[in-house]
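# Fold and contact review
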Amino acid sequence: MPDMQQALSTLEQTLQYAFRDRSLLETALTHTSFVKGDGKRQTHNERLEFLGDAVLELCVSEHLYCTHPELQEGAMTRHRARLVCEQALYSAALALGIPKSLRLGNGEELTGGRNKPSIVSDALEAIIG
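What counts, and at which threshold
Residues numbered from 1 in each chain as written. Predicted model: local features only at pLDDT ≥ 70, side-chain atom pairs only at ≥ 80, totals over all residues. Heavy atoms only, no water. Salt bridge = Lys/Arg side-chain N within 4 Å of Asp/Glu carboxyl O. Helix = DSSP H or I, 4+ residues; strand = E, 2+ residues; numbered from the N terminus. Buried < 20%, exposed > 50% of the residue type's maximum accessible area, 1.4 Å probe, protein only. Polar contact = N/O pair within 3.5 Å; in protein donor to acceptor, adjacent residues only side chain to side chain. Contact = heavy atoms within 4.5 Å.

## What about the pattern of salt bridges?
A side chain with one charge can pair with a side chain of the opposite charge if their charged atoms come near. Under the definition given, this model contains five salt bridges. Two residues, Arg 80 and Glu 57, come together in a salt bridge whose shortest N-O distance is 3.7 Å. Residue Arg 80 is located in helix α5 (residues 73-83), and its partner Glu 57 is located in helix α4 (residues 46-67); the two are separated by 23 residues in the primary sequence. Among the salt bridges present, the one from Glu 108 reaches Lys 116, with a minimum N-O distance of 2.9 Å. Taking the relative accessible area as the measure of exposure, Glu 108 reaches 17% and is therefore buried.

## A closer look at the environment of Ser 23
Residue position: Ser 23 is located in helix α2 (residues 22-28). When its relative accessible area of 41% is taken as the criterion, Ser 23 is described as partly exposed. C-alpha of Ser 23 to C-alpha of Leu 64: the two residues are 41 residues apart in sequence and 32 Å apart in space.

## Some words on the side chain of Thr 30
Counting through the fold element by element, Thr 30 comes out in the loop between α2 and α3 (32-35). Side-chain polar atoms of Thr 30 contact the backbone oxygen of Glu 26, separated by 2.6 Å. In contact with Thr 30, not counting residues within four places along its chain, are Val 35, Thr 43, His 44, Asn 45 and Arg 103.

## Observations concerning the environment of Ile 119
Tracing the backbone through its elements, the reader meets Ile 119 in helix α9 (residues 117-128). Ignoring sequence-local partners within four residues, the contact set of Ile 119 consists of His 31, Leu 102, Leu 104, Glu 108 and Gly 113.

Here you go:
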């Protein structure tokens, strides 16, 4: 699939990160709708999304803790929630061009899945994972 390999290369350049195991990046960009009903046992991004969500929360938490000693726990929690919410992740994913690289099933493709904040932000979390 040459187009997918080019999309992965472009995304790696944008991220300024080369994946040692490029299949992880491909999995991170694969929505469940792409693998359902194809008869093969392929992986999708939900498990990587779970991991990426935890990693992102930890990194943002550490950053807030270290750079804002004046903030109490509640304020740090509110800041973190604002920084890692779906809309913030969606905006970041758009800036990185992630929607162009997504692998979606026909149904999601036809219903505008590349523009759905939940799908696009989940893919970003999966890439982080």
